[in-house]
There are 2 protein chains.
Amino acid sequence: MTDFTFWSPTYFAFGRGAEARTGELVRRFGGRKALLHYGGGSAVASGLIGRIKASLAEAGVEFVELGGVKPNPRSSLIDEGVRLALAEGVDFLLAVGGGSVIDSAKGIAIGAANGGEWRRFYVGREVKVRPAIPAALPVGVVLTIAAAGSEASTNSVVNLEPENLKRAAGGDILRPKFAVMNPELTMTLPPFQTACGLADMFAHLCERYFSPTKDVSLTDNLCEAVMKTVVEESARVMADPNDYQARANIMWAGTLAHNDICGAGRVQDWASHGIEHELSALYDCAHGAGLAVVMPAWMTYVHATDDARFARFARNVFGVGIGESDADAALAGIGAFRRWLKSLGLPLTFVELGAREEDIPLLVKTLNLNGNTLGGFRPLAESDVTAIYRLCL
Amino acid sequence: MTDFTFWSPTYFAFGRGAEARTGELVRRFGGRKALLHYGGGSAVASGLIGRIKASLAEAGVEFVELGGVKPNPRSSLIDEGVRLALAEGVDFLLAVGGGSVIDSAKGIAIGAANGGEWRRFYVGREVKVRPAIPAALPVGVVLTIAAAGSEASTNSVVNLEPENLKRAAGGDILRPKFAVMNPELTMTLPPFQTACGLADMFAHLCERYFSPTKDVSLTDNLCEAVMKTVVEESARVMADPNDYQARANIMWAGTLAHNDICGAGRVQDWASHGIEHELSALYDCAHGAGLAVVMPAWMTYVHATDDARFARFARNVFGVGIGESDADAALAGIGAFRRWLKSLGLPLTFVELGAREEDIPLLVKTLNLNGNTLGGFRPLAESDVTAIYRLCL
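Residues numbered from 1 in each chain as written. Chains lettered and ligands numbered in written order. Predicted model: local features only at pLDDT ≥ 70, side-chain atom pairs only at ≥ 80, totals over all residues.

### Some points on the overall build of chain A
Tallying secondary structure elements over chain A gives 15 helices and eight strands in all. With the C-alpha coordinates aligned to their principal axes, the bounding extent of chain A is approximately 65 × 45 × 40 Å. The burial tally for chain A puts 60% of its 393 residues in the buried class. Within chain A, contacts between residues separated by at least 24 positions form 78% of all contacts whose residues are at least 6 apart in sequence. (Helix = DSSP H or I, 4+ residues; strand = E, 2+ residues; numbered from the N terminus. Buried ≥ 20, exposed ≤ 12 C-beta atoms within 10 Å, placed from the backbone. Contact = placed C-beta atoms within 7 Å.)

Here's what the structure looks like:
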């Protein structure tokens, strides 16, 4: 086990109708005038935004609003949000949506607290020491998609225009103050988006589970517990999108997959996220779909580095490879993982994703390794990344 | 799954030498003048208190000190601490020790912030609605015993004199601001105290795991993950008290067993804690030792209420009862639990604990059920509690 710090101060209000508490929670965490930030029309059409406005008004919280966040959130909207927040004297960012809306709100929160400056805090995965973020407005979340875990995470990932680069900022200061989590709000998600969310949260666990650090039995067991839950509940939720209990278990799993309770005390990997971000930046595909293509390819490429770890994954998460050699079990586990992703209706190849073989050199170039390596489980050079992209074909 | 709120804002600094950060953390969480609270001479003799004083001085934090906390912490010392804190204008409570020291510090933190009033917030387990605590000074912890989980919990349990009643206060306001956790500090614990700590943290998981709430698969899987870790690592730590990795996994398990991450979304039980507290109040025995006597007796009395749950416990935590009927597996699990406690050198009976059969009516009387029931898994009346005490004989 490595030394670690862990701080997950987010207040979670979980359950049916929890969004009615939004105004009270904004006030509790110091907000008097909020920027209400959301995505497309569904949150408005469903009446959710209206309920939240009523809750803010009841709590005496003023607000201005900025909708229109797209998946792979764009820097231009963050710029607009920062201008609005500064002009209006906003003191709180309220994100209503999934990871893209939350990450966009985090970007605005940085800009509004640093005289408009936010972009320089967003860097690539290859940068080992992120620029420290000196200040950020408090962020609160009403979550509508179980996936990214940004409602409790230290991170924000956005698409920098005009270069179209997906880059991340990070720091404890970006942990949301509260997250309102009503599983009912996720019931109207299309199956593909539900599946993308499942792949995303599972990937967040894998990025932590596949580690060179030994003797972290508690964190290992926790990781497997959340992974098993995601796999078990995924079948229920795909069969019945209105299964409240399955939605609830998955929603909470998405949070615990990424608030770093499953990463405490270990070197983490994160190569697959780096490799995937270039795909969703270039093709504007769903992050979860990109991960479904990249993760098994990454596993196939790196498993021999520690077949015992992959064998444990196979046996404890998917119940395969029992009684087999570690090397065979490792392959059985990767196969089971692929079949699970397929069962969710997710793509497994470049073609299914809309990605092109001839873009691989460009993808590797924009990853911008600059002679550094990527990933903590097995450090990858550019040639390794190229090989992994080719395994996605 | 029931609706829930979850808030665990404690900052954890975990690893070798982490106590060097104490002064910095007191300042970070607003302390300028701390009451340094600890137990017996071992923390002084080991040099730990000296290192912490140096860290406070380096950070420019003033302090006064109050040692002498005993296991089952006494109300008279809390009274003394409150007087000292008020007289000295203390703005922060720094607890260096295990659960008793932390719980004593929490009591002082309440009293110092409420004009000396703290005792009325401490009530019995049978009280369904605890008195709300309007204010408390911030508490920080340097943990030296992996057991009670008070370093991240909402609770404080103390011994009210002169009646000798063990009573609890609770509320999010009692969550410590930070916990410094260096596993090396636990290496000098005598084996019996290490074992008591293991029983205590395992009991905290059982109190949450044995629940009438269905369909909480994530929290169930998390509970089992921590339980399994405690059992696995216990053998290593009893064999070699200086095994850093085992100490580290156990120390972190003790925190996660009681910060309520393993209780989210369910009705909890807590009958065994109520039944045990009367034992440690009357006989001044170690809480963990009392739990080792009470828990298996409680299990034996209640398992038929939900044999399927006890069978799952048997199979997933102890690996017994596989292929057997649920009723048989339940008994096999309770047997395995008993054998595990015995292997740690813990008592299993009243005689081993120094408790007496003729005191059972007094124990039931001081539990003070007043016609209420105790416990969420199977609500227990006074006659049930009497029967459980008799099963401890």
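Once you've had a look at it, read on.
### A short note on the sheet that holds strand β3 (residues 62–66) of chain B
What the 12 strands build is an open sheet, ordered β3(A)-β2(A)-β4(A)-β5(A)-β8(A)-β1(A)-β1(B)-β8(B)-β5(B)-β4(B)-β2(B)-β3(B); its pairing is mixed. Where the open sheet ends on each side, the last strands, each with one partner, are β3 (62–66) of chain A together with β3 of chain B. Taken pair by pair, the neighbouring strands of this sheet meet at an average axis angle of 25 degrees, ignoring direction. Inspection of the sheet shows strand β4 (residues 92–97) of chain A paired to strand β5 (residues 139–143) of chain A by five bridges, in the parallel sense. If you follow A:Leu94 over to β5(A), its bridge partner there is A:Gly140. Along the sheet, helix α3 (residues 48–58) of chain A contacts β2 (33–38), β3, β4 and β5 of chain A; its crossing angle with β4(A), the most-contacted strand, is approximately 150 degrees. On the sheet, helix α3 (residues 48–58) of chain B packs against β2 (33–38), β3, β4 (92–97) and β5 (139–143) of chain B and is oriented at approximately 150 degrees with respect to β4(B). (Pairing = 2+ DSSP bridges. Axes fitted to C-alpha atoms, helices over the stretch in contact; angles between N-to-C directions.)

### Some remarks on the nonpolar core
In terms of nonpolar packing, the biggest core is built from 281 residues, with A:Val226 and B:Val226 touching the most fellow members. Excluding residues within four positions of it along the chain, A:Val226 makes contact with A:Leu205, A:Ala253, A:Leu256, A:Ala257, A:Cys262 and B:Leu218. (Core = buried A, V, L, I, M, F, W, Y, C linked by C-beta atoms within 7 Å.)

### Some remarks on the domain arrangement of chain A
All names here are of chain A. For chain A, the assigned domains are domain 1 (11–184) and domain 2 (191–391). Taking only C-alpha atoms, the centre of domain 1 and the centre of domain 2 are 26 Å apart. Contacts between the two partners involve 22 residues from domain 1, matched on the other side by 33 residues from domain 2. Mapped by element, the contributors of at least two residues to the side of domain 1 that touches domain 2 are β6 (155–160) and β7 (165–170). By residue class, the composition of the side of domain 1 that touches domain 2 is 11 nonpolar, six polar and five charged. (Domains from an automatic or database assignment. Nonpolar A, V, L, I, M, F, W, Y, C, P; charged D, E, K, R; others polar.)

### Thoughts on helix α12 (residues 326–343) of chain B
All names here are of chain B. The end-to-end C-alpha separation of α12 is 25 Å, in line with the 26 Å expected for 18 residues at 1.5 Å each. Listing the buried residues of α12 in full gives Ala329, Ala330, Leu331, Ala332, Gly333, Ile334, Phe337, Trp340 and Leu341. Elements that come into contact with the buried residues of α12 comprise α6 (191–209), α7 (217–239), α10 (287–302) and α11 (307–318). Looking at the residues trailing α12, positive phi occurs at glycine 345, about 85 degrees. (Expected span 1.5 Å × (residues − 1).)

### Focus on unusual backbone geometry
It is generally the case that most residues other than glycine have a negative phi and that most peptide bonds are trans. Residue and element names in this part refer to chain A. Following glutamate 161, the chain continues into proline 162 via a peptide bond in cis, with omega recorded as 0 degrees. Position of proline 162 among the secondary structure elements: in the loop between β6 and β7. Of note, the phi angle at aspartate 215 is positive, near 65 degrees, even though the residue is not glycine. Turning to its location among the elements, aspartate 215 is positioned in the loop between α6 (191–209) and α7 (217–239).

### Topic: the relation of the copies chain A and chain B
The operation relating chain A to chain B is a screw motion whose rotation component is 180 degrees, with 0.0 Å of axial translation and a residual RMSD of 0.0 Å. These values place the two chain copies in the arrangement generated by a two-fold rotation axis. Judged by C-alpha distance, A:Pro9 is the residue of chain A that lies nearest the rotation axis, at 1.8 Å. Comparing interface residues between copies, 100% of those in chain A also sit at the interface in chain B, which points to an isologous, same-surface contact. (Least-squares fit on C-alpha atoms with pLDDT ≥ 70 in both.)

### Notes on the interface of chain A and chain B
Contacts between chain A and chain B engage 33 residues on the former and 33 residues on the latter. Going through the elements one at a time, β1 (4–14), α7 and α8 (244–256) of chain A are the ones with two or more residues in the side of chain A that touches chain B. Here the side of chain A that touches chain B takes 11 residues from α7(A), the largest share from any one element. Partitioning the side of chain A that touches chain B into residue classes produces 18 nonpolar, eight polar and seven charged.

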